[in-house]
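# Coordinate inspection notes
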Amino acid sequence: MNALALRVEAVAAGRARRRRRGLAFAGLVALLAIVSAHTVLVVDTDWARMGSLGAVMKSVARFLAVDFSLIPQLWEPVLETFMMACIGTLVGAILCIPVIWLGALNVTPSRWIGYPFGRFLMTMSRSIHEIVWALIFVSAVGLGSLAGILALAMRSIGFIAKITAEAIENVDPKPIEAIKAVGGSKLQVLRYGIMPQVLPVVLGTIIFEWDINIRRSAIMGLVGAGGLGLTFHRQMVMFNWPGVTTVILAILVLIVIGEIASHYVRKAVT
Amino acid sequence: MAILDVSDLSVRYAGTGREVLRGVSFSVDAHEFVAIIGPSGAGKSTLIRCINRLVEPRGGRIVLYGEDVAQMPRSKLRETRRTIGMIFQEFNLVNRMSVMDNVLSGRLGYVGTLPSVFKLFPKADIRRALEILDRVGLSDHVDKRADRLSGGQRQRVGIARALMQDPKLLLVDEPTSSLDPKISREVMGLIRGIAREFDVPVLCNIHDVQLATEFATKIIGLQDGIKIFEGPTAALDRQKLDEIYAMEVL
Amino acid sequence: MRGASPTREWSRFRFPETPIRFLLLLAALVFVGYAFVYLDVRIERLAELLSRLGTLLAERYYPPDLQFLATPRYLASILDSMQMAYLGALIGILLAAPLAWFASYNMTPSRRFLYPWARLVIMGCRAVHEMIWTILFVSILGFGMLAGTLALALFCLGFAGKLFSEEIEAIDKGQVEAIRASGAGHLQVFVFAVLPQVRVAWTGISIYTWDVAFRAATVVGFFGAGGMGWYLQRHVQQLDNERVAAIILSIVALVLVSEILSAWARARIMRGK
């Protein structure tokens, strides 16, 4: 029995040790959180200016109304936002082609320069926030939906290209071998061997990105790049809080439509 | 005296409306090892899962130690479940946890929620776990991750986990379907040995008739949701066997 | 064999699926064409534009005012962005974990009440863009990091929450069944049967969430929420293009570093587990 008691102690000690390590990690996370919270709450926030909780609640209540008179004016921006998302995704998908060609190991013409450059382009596209892209393009082509379309396109390249390149790299060689074995030409290998594997992934990704782009498209107007964002901004500067809520609701409706559409189309495609 | 008394149990699948069990009645007494046999689709797995209400019965009574499991409120059900140990066909171990944690999880019904969430089990439980692991022959694997064990070893962890509950009844669902013949025999022997040692009745669902007749004291034959046979193992002859499996299409 | 079974036809085109699909595709193409016209997007202009883009940007933004990046106030704003991202992501993830549990169809403790509400909260937080959250919070709480942190928290809640719940919905039922059968309560089932299965994936998702939060945190200041974005907005307004260029470069560089670090962290975790 004594031997057993020793083993129990050993197991209990091991568990206690693991528990302490977990607590140490949690402690570190908490410490960083406290430091950050200190900066946010103590150093940065001007509590006097914010007022009491009641005042804050009143500010929130301002938004709890809908400005129905605004709705007729919303059709055009809603349409514009939706179209920007569609065209932006399309242009982005087309611009992807060279990036994918460079960034897929089994297709790239240059393993040591082309491939890293392709992956670099993909990363850059994803690392630059859509607002920053919008600022760049507004500066380059002026205010309006064109800047928004280009910003969305550039932002989308990264994800679509990355997933597609990976799908191409992971393509199963066996069907390709089979098509070659029955005497298929290069084009037929592409059509019957590669495309059935890659196309569903590509289309699914494009539609996924299109769905996200609707969300992004709605804020392009905040920096002058077209769509509902401009309406949003206008309502804010006019202090028309119910109007702001109305625009947000319009955006939500658009997003819901996009979600439903993307769900069904993805099911049909994949 | 009967530990488990099932009367007129019926189950219907909500989706298809199909009646999986129809008016099944049987009992399990102390010291018994009861094996349920029958063709696939007969409802054996469903029957086992009714006893601890992993499957909700539509009608009938399931009286365990004098209390009807089928009518219990959820809170009482949890208390009752901790006295029923269950061993599964696919072992159902938590793969990413160690053997020790898997075995200790058998005590979850007994340990308070807050300490268990932080994996704080009393030393008495750890002691018991080590003893049981010794009994099933896994003392060398205490800290191994469950998914690094062989099939037979995993089933033994499952047996250990069930034992940790201090069970008053052992439910066993196809314990050997995922194991090869030699290991199957060892596992069945272990279950029977442990059942005798700790004086726990066993209700076991098994498709291998050979193993059933070898290890069980009583046989229940199920076909298409109806009990066709209930009797001591010796009473199961060729003719009765043919009756039970008559509908089986290979 | 004589008197064989009647011949069956196989056709690639099934009615009415194929005509419907074809019509929908046609409608989509017509819509896209109309969109091009409506928005006055001219493809030749596009192509010419993209080629001119390089020279256009170089004229206006070169050379970038890199010295500005070294000023203590700007460096402090970088730290501010990091802290906002960290705190926002942490709050979001900590709230997302239980919400995802409630919002997972297979494991939610209450399908009739908790499930729909949890799903609604997560989808609501996801649908609203983080910049809109920022503007709303700035309007309510005033300029500064608090608005930014809360906006990021809500954004991360939606982002991580959806990914978390998808992981839960993919777990193995058998392990859950076994823990339930031993008499465990809901929370115990979650800790012992769900968490061990999703732990690795959730860690990867958390790192990914931080990454996305940081990218947003560098820009939320543009709308008044503190951090690097505020300087971006100020200098865009002042048409101070060299500084704008420098700030954008610093943002991109930092986000790149953050991405590399998180990719490394995620790879290590995948290897370790």
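Residues numbered from 1 in each chain as written. Chains lettered and ligands numbered in written order. Predicted model: local features only at pLDDT ≥ 70, side-chain atom pairs only at ≥ 80, totals over all residues.

## Describing the overall build of chain B
When its secondary structure is counted, chain B shows 9 helices and 10 strands. Compactness check: chain B gives a C-alpha radius of gyration of 18 Å against a globular reference of 18 Å for 250 residues, within 12% of the reference. In terms of principal-axis extent, the alpha carbons of chain B reach across some 50 × 40 × 35 Å. By the burial criterion, 46% of the 250 residues in chain B qualify as buried. A sequence separation of at least 24 residues applies to 69% of the contacts in chain B between residues at least 6 apart. (Helix = DSSP H or I, 4+ residues; strand = E, 2+ residues; numbered from the N terminus. Rg over C-alpha atoms; globule rule 2.2 N^0.38 Å. Buried ≥ 20, exposed ≤ 12 C-beta atoms within 10 Å, placed from the backbone. Contact = placed C-beta atoms within 7 Å.)

## Describing the overall build of chain A
Broken down by element type, chain A carries 11 helices and 0 strands. Counting from the amino terminus, helix and strand elements in chain A follow one another as α-α-α-α-α-α-α-α-α-α-α. Relative to the 2.2 N^0.38 estimate, which gives 18 Å for 270 residues, the radius of gyration of chain A is 27 Å and therefore markedly larger than a compact globule would have. In terms of its C-alpha atoms, chain A occupies a principal-axis envelope of roughly 85 × 80 × 35 Å. For chain A, contacts bridging at least 24 residues in sequence account for 70% of all contacts bridging at least 6.

## Re the confidence of the model for chain A
Per-residue pLDDT for chain A averages 90, and the proportion of residues at 70 or more is 100%. When pLDDT is averaged over each element of chain A, helix α10 (residues 228-237) of chain A comes out on top at 94 and helix α2 (residues 47-50) of chain A at the bottom at 80. (pLDDT = per-residue confidence, 0-100.)

## Brief notes about the sheet that holds strand β2 (residues 19-29) of chain B
Residues and elements named next belong to chain B. One open sheet holds the 4 strands; their spatial order is β2-β1-β4-β5, and the pairing between them is antiparallel. The sheet is open, and its two borders are formed by β2 and β5 (67-68), each paired with just one other strand. Direction of pairing for strand β4 (residues 59-64) relative to β5: antiparallel, over a ladder of 2 bridges. Counted as the bridge partner of V63 is D68 from β5. (Pairing = 2+ DSSP bridges.)

## Some remarks on the pairing of strand β8 (residues 202-205) of chain B
Residue and element names in this part refer to chain B. Side chains V202 and C204 project from β8 onto one buried face, and the interleaved L203 and N205 project onto a second face that is buried too. Across 4 bridges, strand β3 (residues 33-37) lies against β8 in parallel orientation. Along β8, the bridge assignment pairs I36 with N205. Relative to β8, strand β7 (residues 169-173) is paired through 4 bridges, and the arrangement is parallel. Across the sheet, residue L171 finds its bridge partner in β8, namely L203. Between β7 and its parallel partner β8, the chain crosses via helix α7 (residues 181-197), and the hand of that crossover is right-handed. (Right-handed = clockwise from strand over helix to strand, strands pointing away.)

## Side note on the interface of chain B and chain A
Counting from both sides, the interface comprises 5 residues of chain B and, opposite them, 5 residues of chain A. The element that contributes the greatest number of residues to the side of chain B that touches chain A is helix α5 (residues 123-135) of chain B, accounting for 4 residues. For the side of chain B that touches chain A, a count of residues per class yields 3 nonpolar, no polar and 2 charged. (Nonpolar A, V, L, I, M, F, W, Y, C, P; charged D, E, K, R; others polar.)

## Side note on the nonpolar core
Ranked by size, the top nonpolar core spans 217 residues in total, and within it A:A134 and C:L152 carry the most contacts. It is helix α8 (residues 186-220) of chain C that provides the largest number of residues to this core, a total of 16 residues. (Core = buried A, V, L, I, M, F, W, Y, C linked by C-beta atoms within 7 Å.)

## Structural notes on the sheet that holds strand β9 (residues 218-223) of chain B
All names here are of chain B. Strand order in the open sheet made by the 6 strands is β6-β7-β8-β3-β9-β10, with mixed pairing throughout. Because the sheet does not close on itself, it has two edges, and the strands there are β6 (84-87) and β10 (226-232). In this sheet, neighbouring strand axes are inclined to one another by 15 degrees on average, regardless of whether the strands run parallel or antiparallel. (Axes fitted to C-alpha atoms, helices over the stretch in contact; angles between N-to-C directions.)

## A few points about the pairing of β2(B)
Residue and element names in this part refer to chain B. Both strand β1 (residues 2-12) and β2 contribute to a ladder of 7 bridges, which runs antiparallel. If you follow V11 over to β2, its bridge partner there is L21. Counting the residues between successive antiparallel strands, the hairpin from β1 to β2 contains 6 residues, one of them, G17, with a positive phi of roughly 75 degrees.

## Details of the packing of helix α6 (residues 151-164) of chain B against α7(B)
Residue and element names in this part refer to chain B. Running from N to C, α6 and α7 cross one another at 15 degrees; their axes reach a closest spacing of 10 Å. Taken as axis vectors, α6 and α7 run roughly parallel relative to one another. When the axes of α6 and α7 are compared, the crossing they make is right-handed. In this structure, α6 contributes G151, G152, Q155, R156, I159 and L163 to the contact, and α7 contributes I183, E186, V187, L190, I191 and I194. Considering only residue class, the contact of α6 with α7 consists of 7 nonpolar, 3 polar and 2 charged. (Parallel < 35°, antiparallel > 145°, perpendicular 65-115°, else oblique. Left-handed = near helix turned anticlockwise from the far one by under 90°.)

## Overview of unusual backbone geometry
Across residues other than glycine, the phi torsion is negative in most instances, and most of the peptide bonds are trans. Backbone torsion omega between C:Y62 and C:P63 reads -5 degrees, so that peptide bond is classified as cis. Looking at the element boundaries, C:P63 is found in the loop between α2 (43-61) and α3 (72-102). Phi at B:D166 takes a positive value of approximately 50 degrees, unusual for a residue other than glycine.

## Points about helix α9 (residues 186-220) of chain A
In a regular helix each residue adds 1.5 Å, so 35 residues correspond to 51 Å; α9(A) covers only 43 Å between its end C-alpha atoms and thus falls short of that length. Remark: the principal bend of α9(A), roughly 65 degrees, maps to A:M195, with a proline, A:P196, within the next four residues. (Expected span 1.5 Å × (residues − 1). Bend = angle between axes of the 7 residues up to and from the residue.)

## Here's the deal with the packing of helix α1 (residues 2-44) of chain A against helix α6 (residues 145-168) of chain C
For the pair α1(A) and α6(C), interaxial distance at closest approach is 9 Å and the crossing angle is 145 degrees. Counted together, A:T39, A:V40, A:L41 and A:D44 of α1(A) and C:M145, C:L146 and C:T149 of α6(C) form the full contact between these two elements. The residue inventory of the contact of α1(A) with α6(C), partitioned by class, reads 4 nonpolar, 2 polar and 1 charged.

## With respect to the environment of C:L25
Summarising the element assignment, C:L25 is placed in helix α1 (residues 17-38). Residues C:L25 and C:Y74, spaced 49 residues apart in sequence, show a C-alpha to C-alpha distance of 51 Å.

## Comments concerning the environment of B:Q239
Residue and element names in this part refer to chain B. Looking at the secondary structure, you find Q239 in helix α9 (residues 238-245). Judged by C-beta crowding, with 7 C-beta atoms within 10 Å, Q239 ranks as exposed. In this structure, the C-alpha to C-alpha distance between Q239 and R161, residues 78 residues apart in sequence, is 39 Å.

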